[in-house]
Amino acid sequence: MSLKKKSANYISAKESREISKKNRKITKELEKKRNRKHIPEEEYITKMKNPENCVEFDNVHTYFFTDIGTVKSVDGVSFDVPQGKTVGIVGESGCGKSVTSLSLMQLVQRPAGQTVEGEIRFNSGDKVVNVVNAPASVMQKLRGNYMSMIFQEPMTSLNPVFRIGEQIDEVIELHNPEKSKEEVKARTIELLEMVGIANKEGVYQMYPHELSGGMRQRICIAMALACDPKLIIADEPTTALDVTIQAQILDLLRNLKDKINSSIMLITHDLGVVAEMADYVVVMYAGRVIEKGTAREIFKDPRHPYTIGLMNSKPVVGKKVDKLYSIPGSVPNPVNMPDYCYFKDRCNMCVDACDGAYPCEYHVSPTHVVSCYRCAEGGTANEQ
Amino acid sequence: MKKFVLKRVLISCLLLVFVTMIIYGVMRCMPTSYVEQQAMELSKKPGAKSYGEWRDQLNAQYGLDTGIVQGYFTWAGKAVRGQFGDSWYWNQPVTKKFASVIWYSFALALGSFILEIVIAIPAGILAARKQYSTSDYVITVLALIGISLPSFFFATILKYIFAIKLGWFDLYGIVGRMHDQLSPVGQFFDMAKHMVLPTIVLAIVSIGSLMRYTRTNMLEVLNSDYIRTARAKGLSESVVVNKHAFRNTLIPIITLLGGTLPGLFSGAMVTETLFQIPGIGYTSYQCVMQGDIPFVMFYMTFIAILTLLGNLIADILYAVVDPRVRVN
């Protein structure tokens, strides 16, 4: 009994103290490296592997050093976001979707959360920045200007004490210091109109609490689009909204994307949204990418048992089922991840090879990559 | 807004009536009676009237021969016309005595109040920004020491170091030995110098709670979604903290500070006594001990008005900093 308890989330105070001591040592060193006064350009200016891409995630590891152990939220994630395309990232809660996007913005809650390994190359047009090593001053120029984010909680994402106008003006002023006050306001009004707010002059003067959730999400989108960013990260932009508003918001995003030709990273657990919006799909599970490919490949020909389960567990109109399918079991404890395939314990399609190490990536087609031994035959292995 | 303020003022007036009524009732029921003490002393004089006769005569003189309710209305009727009467213990008009002592206390309280804000709020913000760092722990421990140890302890320590060992300040009193020979400017600085130690003592004991309060609120605000939005806009850390977070941190702090308005005038009895400063704290303490009803009534009413005013100001300020509570 006591042994069993120990293997779960329980740890003694002594162990916890030791862990937090070790964590402090690690994070202190990382923070020291990050907070250096002058960081030479060579450390963060790189080249894209493929200049057609907007973002390249390359073996990214983002860990949280907590008092009960290191949580490997993002554990070796690699995928690309091509320019002008929409990439959908799907996976259940806690699989590292949001942390991946926050790592790209360098907004992970420090000092506990740290991107410890890998590269995130961001193509800002003239320069390619490796976000992982970039100093705060460089990030501040990128955020809001070249990459922007729409958060999942429209109700709390706006500062309650400032007017809507002020909040949008702020980001335009910040990245376009040459614009006059009137120009900034004109741009804000234009943005409000673009996101479909009828009473734009009135809303400009309002406070966030005077608007509904859908309106607030539009404001967040307007704010994210203010500087025509190269990349828009939409972190579950429609989760908090009702279905009619959802469709409007998605339409809006799609139209705006075409208008300013930017890439979208769409994070969601709503497969319907992905099917409608995405060109490419990345499926994540327990901090790793388990399958990625074009939207068509993922939806028509899912290979990983988790993706297959995910597809089966979505309700289909016109199909009669007694009980909606759900994947059995639950995600392994993020502190002590097993050394075999993370999905093995929940998988009903296991083969003999599954007892071995974590599967590497197998190419099923040039664009379709799966991390599962079932695809070992016929696919070409990729060293990881 | 006007309507709101007017409504609140009217409610405050009603509250004031009840507050003063209770205070008057309590004062009349107190075991120490100024009249009885006087009657006792007078009756001891050779050839004097008996204690009972003196008591009845004095009761009639001081207006205490009526019931509590009637007595209250007599007092209140005069008070609304601004007549607070003479202090029994000090033998001079209440307002005059009050005016002669209040400014010492006010200067003391204002000095420590400013010192408290200037130190506690930045320290709290710093502690929140660097949560669990060395500076956070140092600030927290110092604040806890300030909260837990009593003012007379700090007063004694400060006196020992700065008055006895270093000799920078006098041990106690409000003026120096050569006060009368100084020019008016010199007299002012002489008094200011005597205020330094008590101001520091008062600040030390009050910094802790405000600092902890600021730290907690700042932490809560810094972890909120809109701060992440502000960072995602590309704002620098100082703008995020000083503009976006600070305005939100201010909301609860302002309610706390609004409540300290009466504290500016209520005096600090222990500290004033330790440094022998003739402030309102010490004076009102003596009056309560002597059962000086007119003075205590005036003082308590004054504090009650300030408390109600402080709440009203806090509410108005609340609406200024937080648009969500603005009344239409």
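As recorded in an unreviewed UniProt entry, chain B goes by the name ABC transporter permease, listed as coming from Roseburia porci. Database annotation for chain B, UniProt heading Subcellular location (unreviewed entry): "Cell membrane". In its Sequence similarities (unreviewed entry) section, the UniProt record describing chain B reads: "Belongs to the binding-protein-dependent transport system permease family."

Per an unreviewed UniProt entry, chain A goes by ABC transporter ATP-binding protein and derives from Roseburia porci. Database annotation for chain A, UniProt heading Sequence similarities (unreviewed entry): "Belongs to the ABC transporter superfamily." Under Subcellular location (unreviewed entry), UniProt gives the following word-for-word description of chain A: "Cell membrane".

Draft legend 1. Main features of the overall build of chain A. Tallying secondary structure elements over chain A gives 12 helices and 13 strands in all. By the compact-globule yardstick of 21 Å for 384 residues, chain A fits well, its C-alpha radius of gyration being 22 Å. Along the longest, intermediate and shortest principal axes, the C-alpha atoms of chain A span 65 × 60 × 45 Å. When burial is assessed residue by residue, chain A has 41% of its 384 residues classed as buried.

Draft legend 2. Inspection of the interface of chain B and chain A at higher detail. Facing 19 residues of chain B, the contacting portion of chain A comprises 23 residues. Listing elements by their share of the side of chain B that touches chain A, those giving two or more residues are helix H9 (225-232) and helix H10 (237-258) of chain B. Ranked by residues supplied to the side of chain B that touches chain A, first place goes to H9(B) with 7 residues. Residues belonging to the side of chain B that touches chain A are distributed by class as follows: 6 nonpolar, 6 polar and 7 charged.

Draft legend 3. Geometry of the pairing of strand S6 (residues 147-150) of chain A. Residues and elements named next belong to chain A. Neither face of S6 is exposed, since Met147 and Met149 on one face and Ser148 and Ile150 on the opposite face are all buried. Bridge count between S6 and strand S7 (residues 231-235): 4 bridges; the pairing is parallel. By the bridge assignment, Met149 is partnered in S7 with Ile233.

Draft legend 4. Local environment of the packing of helix H13 (residues 280-290) of chain B against helix H14 (residues 293-321) of chain B. All names here are of chain B. At their nearest, the axes of H13 and H14 sit 8 Å apart, and the two run at 135° to each other. The angle between H13 and H14 places the two elements in the oblique class. Taken as a pair, H13 and H14 cross one another with a handedness that is left-handed. Residues Ser284, Cys287 and Val288 of H13 form the contact with H14, whose own contacting residues are Phe295, Val296 and Tyr299.

Draft legend 5. Structural view of the environment of B:Tyr226. With respect to the element layout, B:Tyr226 can be found in helix H9. Sequence spacing of B:Tyr226 and B:Phe84 is 142 residues, and the spatial spacing of their C-alpha atoms is 54 Å. Filtering out sequence-adjacent residues up to four positions away, B:Tyr226 remains in contact with A:Thr156, A:Ser157, A:Leu158, A:Asn159 and B:His244.

Draft legend 6. Here's a closer look at the UniProt feature "domain: ABC transmembrane type-1" (unreviewed entry) in chain B. Sequence positions flagged by UniProt for "domain: ABC transmembrane type-1" (unreviewed entry) are, in local numbering, residues 102-318 of chain B. Between the C-alpha atoms that bound residues 102-318 of chain B the distance is 29 Å, and the span itself is 81% helix and 0% strand.

Draft legend 7. Just unusual backbone geometry, in detail. The backbone of A:Asp228 shows a phi angle near 45°, a positive value even though the residue is not glycine. Take A:Asp228: it is sitting in the loop between helix H8 (213-225) and S7. Backbone geometry at B:Gln276 places phi at a positive 50°, although glycine is not the residue there.

Draft legend 8. Highlighting helix H9 (residues 243-260) of chain A. All names here are of chain A. The terminal C-alpha atoms of H9 lie 26 Å apart, and with 18 residues this matches the ideal 26 Å at 1.5 Å per residue to within 8%. Looking only at H9, the buried set comprises Ile249, Leu253 and Leu256. Each buried residue of H9 lies within a common arc of 75° when the element is viewed along its axis, so the set occupies one face. Away from its buried face, by an angle of more than 90 degrees, H9 presents the exposed residues Val243, Thr244, Asn255 and Asp258. In this fold, the buried residues of H9 make contact with helix H6 (181-194), H8, S7 and strand S8 (263-267).

Draft legend 9. View of the environment of B:Val9. Residues and elements named next belong to chain B. Note that Val9 resides in helix H1 (residues 2-29). With 12 C-beta atoms packed within 10 Å, Val9 lands in the exposed category. In this structure the C-alpha to C-alpha distance between Val9 and Leu312, which are 303 residues apart in sequence, comes to 8.0 Å.

The rules behind these values
Residues numbered from 1 in each chain as written. Chains lettered and ligands numbered in written order. Predicted model: local features only at pLDDT ≥ 70, side-chain atom pairs only at ≥ 80, totals over all residues. UniProt positions renumbered as here; feature names shortened; annotations may be inferred. Helix = DSSP H or I, 4+ residues; strand = E, 2+ residues; numbered from the N terminus. Rg over C-alpha atoms; globule rule 2.2 N^0.38 Å. Buried ≥ 20, exposed ≤ 12 C-beta atoms within 10 Å, placed from the backbone. Contact = placed C-beta atoms within 7 Å. Nonpolar A, V, L, I, M, F, W, Y, C, P; charged D, E, K, R; others polar. Pairing = 2+ DSSP bridges. Axes fitted to C-alpha atoms, helices over the stretch in contact; angles between N-to-C directions. Parallel < 35°, antiparallel > 145°, perpendicular 65-115°, else oblique. Left-handed = near helix turned anticlockwise from the far one by under 90°. Expected span 1.5 Å × (residues − 1). Arc of directions from axis to C-beta.

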